[in-house]
Amino acid sequence: MKIALVNFDIDKYLFELGIKLSREFDVKFFCGHQKPKKGSGLDNSEFIDSTCLYHLEDIEKAFTGCDLEKISSLENIDYEYYSNAYLIFSRIYDRISPIPKSNTYTQNFYWKLIMTFESILGNKGLDALIFNSTPHQPWDFAFYTVAKKIKIKTLILHRTEIVNKNLILESYNFENYNFNFDYGNKPDLEFEKILKNNSSFLSGLNKIHRSQDLIDGIRIRQYENSNFYIILIKKYPILKFVNFLVVLFKFIEIRYIFQAFYQKLPLQVVGATERSMCNSTIAGMKSVSRLQYFFIKLNTVKKNLLIKKINSNFNNNIDIKKIEYIFYGLSYQPERTSTPEAGNVQNPFHAIKILSEVLPEHFKIIVKEHPRQLYKDVRGINYREKNFYNEISKIKKVMFVNASHNYEELIENSKMTATTNGSAIGDGLKKGKPSICFGNTWLSGCKSVKFVKSVAECKQAFHELIKQNKEKVQTNFREYIYENRNYFVSAAISQSDRERFKVDSREKNLDDLFLCIKKRIQG
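It should be emphasised that the depicted structure is a prediction, and the values quoted were computed from it without experimental measurement.

Caption draft 1: Focus on the overall build of the protein. Counting its regular elements, the protein contains 19 helices and 14 strands. Its C-alpha radius of gyration of 24 Å places the protein within 12% of the 24 Å reference for a compact globule of 523 residues. Taken over the C-alpha atoms alone, the protein extends approximately 65 × 55 × 50 Å along its principal axes. Of the contacts made within the protein by residues no fewer than 6 positions apart, 71% connect residues no fewer than 24 positions apart. A total accessible area of about 24400 Å² is found for the protein, and carbon and sulfur atoms account for 51% of it. Measuring between centres, the 77 positive side-chain charges of the protein sit 6 Å from its 57 negative side-chain charges.

See below:
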C-alpha cells in the first residue's frame, strides 16, 4: 500500500515511527523541513521540501523529483469546493505573516498550492496521507484539502486531554472524525478501573489529565521562564520594589524589543538539509532586516500592552454566586485549536451573539480571556484588536471578567460552559457542567455536549442541557469515555509528550502507535 507522511521530521520519535512505517508500506512521499538521512529507508521516498512551500515563487523547488508539467491545467479544478477552504487558509497565513501579504498574492499562492498538490497526488494512487497533527500551516492545510477532494484517506494524530489516550482522526471536522475504530488491543485494566464509577473516575482523571503540566494554557516550564520575576517576588517579597521599577520602566518589554538586534532572526531557511528545522514563526516573510524585525516586535509589545490594559479594566468584583450565567472561555489565537479546528467560527463574536439570542433575559454570559493571550507572541500580531473586545462587550447579556479571575470558580458556579473547542468543555464536564461548543472537538459526541452552528440549534441545545444535573453530566462524561475506550491509541504521539508525562518505554510507545496506524491504513 502507498502512503505519504507529513511532518514526521518534527522530532526523533516521529521520525523513528516513519522508519517503522516505511518497512511495512511504500512511503511514496515524505514531506517535511528536514531531509531523511541516507540509509534510513525514508530516503527512498520522494521528498517534498516544505521549506519551499511558504512562498509562491518557491513552490516548484519543493518537488524536485516530481513531474510538474501538468500543474498549469485548470480543467478539473473544483473552484466552489476550494473557495470554501480558502477562508481558513488565509487565516492560517496571517499567523505566520506579521506583515500581511496582499489578497492577490495570498490567493495566487493558495491556488498554486492547490493545483500543484492536485497534480502530484492525482496520479500516484496513494492509499493514505498521514499527518503528525491537525494541518495548521498554509501548505499542509492545502495538502490536506486536496487529499480530501480526491478521496485519499487522511489520518491525523490527535492529542486528547487524557495522557496517553490519543486518537487517530480522518478529519479535523467533528462530523467526519471517524475515530471509532476498534484496534483490538488488550484492555487497559487500570484505565477501566478509573471508569468504574463517578467517584473513581473523577479522582483518577485528575491524575491522568494533561492540565497537570499546564499553567495559563502553557507548559509549566515555559510558564516559569515567562514569569521569572513574578515567581521570584512571591518567593522573596523584599524584591517588590525591584518589580515596581521593572514594570514602571517597561524593562522586560524593552529587552524583548531590542533582542531583534542581537538574537538570531526566526526566518525559515529555504532548502532542506539533513539538519534543517521547521521555523514557522514568521515563515510568511522570506526575508526581514533587523530593523524591520525591531518594528515587528515593537508592534507586538504595543498590541500586548493594549490587551493587558483592556483586560485590567474588566471587573473581577462580580458576585457570580448571585447570578445565573453561562461561562464562555475564549480560545487562544492563533493556534490549531482555533485555526482550523474551530471551523468557520473563528471569531467568537458570532458564537457569543448566538448565545445571547437564545438565553432567558435574566441569564448572563461571563466571558474570560485566555491567559495565554496576555503573553507576547509575534504570531498574534494580527489577532485581538481593540474593537474585538468592544464589539463583544456591546452584546446583550455579556459580562467580561479579568483573565486572572479564578477559572475553576467561574466553571463551578456556572450553569454550563460554552466555547469553540477549548479546555473549558472537559473541565466543565468534570465539575458536572454541560457545554455548548461552536467548533470541533472529540467531546462533541458526549450527551452533555452539544455542537451547534445556528441560533435554532443553540436554542434547542440550551433547553436540553439546562435540565441535566451535576451527577447526570458527570455520568454522561464517564460513560462517553468508557464507550470509546477501545478507540483510544494508548501511546504518546510526540517525543515531548512521552518525556513530559513519562509514559511507558520509548520502544513500547512506538510499537503501539505503529500497530494502530497500520490497522487504520489497512482498515
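Let's pick the thread back up.
Caption draft 2: Representation of the sheet that holds strand S6 (residues 167–169). Read from one edge of the open sheet, six strands run S3-S2-S1-S4-S5-S6, paired in mixed fashion. Two strands in the sheet have a free side with no partner beyond their single neighbour: strand S3 (46–49) and S6. If you compare each strand with its neighbour and ignore which way they point, the axes differ by 20° on average.

Caption draft 3: Geometry of the sheet that holds strand S13 (residues 435–437). Across the sheet, which stays open at both edges, the six strands sit in the order S11-S10-S9-S12-S13-S14 with parallel pairing between neighbours. The open sheet has two edge strands with one neighbour each: strand S11 (398–401) and strand S14 (449–451). Recorded for the sheet is a direction-independent mean angle of 25° between the axes of neighbouring strands. As paired elements, strand S10 (residues 364–368) and S11 share four bridges and run parallel to each other. Paired with Lys-368 across the strands is Val-401, a residue of S11.

Caption draft 4: Geometry of the packing of helix H12 (residues 348–358) against helix H16 (residues 455–465). Where H12 contacts H16, the axes come no closer than 9 Å and their chain directions differ by 60°. One way to sum up the angle between H12 and H16 is to call them oblique. The handedness of the crossing between H12 and H16 is right-handed. Contacts between H12 and H16 involve Ile-354, Leu-355, Glu-357 and Val-358 from the former and Val-455, Cys-458, Lys-459 and Phe-462 from the latter.

Caption draft 5: Representation of the pattern of salt bridges. This model, assessed by the stated rule, comprises 28 salt bridges. With a closest N to O distance of 2.7 Å, Glu-16 and Arg-506 form a salt bridge. Within this pair, whereas Glu-16 is found in helix H1 (residues 12–24), its partner Arg-506 is found in helix H19 (residues 506–522), the two being separated by 490 residues in sequence. Shared partners join several salt bridges into a network, and the residues in it are Glu-57, Asp-58, Lys-61 and Lys-286.

Caption draft 6: Spotlight on the side chain of Thr-419. Tracing the sequence through the fold places Thr-419 in strand S12 (residues 416–419). Other than its neighbours up to four places away in sequence, Thr-419 contacts Tyr-328, Gly-329, Ser-331, Ile-425, Ile-436, Cys-437 and Phe-438.

Caption draft 7: Structural view of the packing of aromatic side chains. Taken as a whole and judged by the stated rule, the model has 38 aromatic pairs. When the ring of Phe-141 is compared with that of Tyr-172, the centres are 6.1 Å apart and the planes differ by 50°; the resulting orientation is tilted. Here the residue Phe-141 occupies a position in helix H4 (residues 138–149), and Tyr-172 occupies one in the loop between S6 and helix H5 (189–194), the gap between them amounting to 31 residues. One aromatic cluster in this structure is built from Tyr-79, Tyr-81, Tyr-82, Tyr-86, Phe-89, Tyr-93, Tyr-105, Phe-109, Tyr-110 and Trp-111. Taking the ring centre of Tyr-105 as reference, the NZ or CZ of Lys-101 above it sits at 5.0 Å.

Caption draft 8: How the structure looks around the nonpolar core. Judged by nonpolar contacts, the single largest core of 68 residues is most densely connected at Leu-53, Leu-113, Trp-442 and Ile-481. Within the second largest apolar cluster, 34 residues are counted, among which are Leu-21, Phe-25, Ala-128 and Ala-272.

Caption draft 9: Focus on the pairing of S3. Burial of the side chains of S3 extends over both faces: Glu-46 and Ile-48 are buried on one face and Phe-47 and Asp-49 on the other. Alignment of strand S2 (residues 26–32) against S3, held across four bridges, turns out to be parallel. Directly across from Phe-30, in S3, lies its bridge partner Phe-47.

Caption draft 10: Region of the structure containing the packing of helix H6 (residues 198–208) against helix H17 (residues 470–483). Here H6 crosses H17 at 75°, and the two axes come no closer than 10 Å. On the basis of the axis angle, H6 is roughly perpendicular to H17. Residues Asn-198, Phe-201, Leu-202 and Leu-205 of H6 pack against Glu-471, Gln-474, Thr-475, Phe-477, Arg-478 and Ile-481 of H17. Classifying every residue of the contact of H6 with H17 gives five nonpolar, three polar and two charged.

Caption draft 11: Looking closely at the environment of Glu-457. With respect to the helices and strands, the residue Glu-457 is situated in helix H16. Distance in space between the C-alpha atoms of Glu-457 and Ile-320 is 27 Å, their sequence separation being 137 residues. Those residues in contact with Glu-457 that lie beyond four places of it in its chain are Phe-451 and Val-452.

Cut-offs and rules
Residues numbered from 1 in each chain as written. Predicted model: local features only at pLDDT ≥ 70, side-chain atom pairs only at ≥ 80, totals over all residues. Heavy atoms only, no water. Helix = DSSP H or I, 4+ residues; strand = E, 2+ residues; numbered from the N terminus. Rg over C-alpha atoms; globule rule 2.2 N^0.38 Å. Contact = heavy atoms within 4.5 Å. Areas by Shrake-Rupley, 256 points an atom, 1.4 Å probe, with all protein chains shown as cover. Lys, Arg positive; Asp, Glu negative; His and termini not counted. Charge placed at Lys NZ, Arg CZ, Asp CG, Glu CD. Pairing = 2+ DSSP bridges. Axes fitted to C-alpha atoms, helices over the stretch in contact; angles between N-to-C directions. Parallel < 35°, antiparallel > 145°, perpendicular 65-115°, else oblique. Left-handed = near helix turned anticlockwise from the far one by under 90°. Salt bridge = Lys/Arg side-chain N within 4 Å of Asp/Glu carboxyl O. Phe/Tyr/Trp six-rings, centres within 6.5 Å; stacked < 30°, edge-to-face > 60°. Lys NZ or Arg CZ within 6 Å of the ring centre and 35° of its normal. Core = buried A, V, L, I, M, F, W, Y, C linked by side-chain atoms within 4.5 Å. Buried < 20%, exposed > 50% of the residue type's maximum accessible area, 1.4 Å probe, protein only. Nonpolar A, V, L, I, M, F, W, Y, C, P; charged D, E, K, R; others polar.

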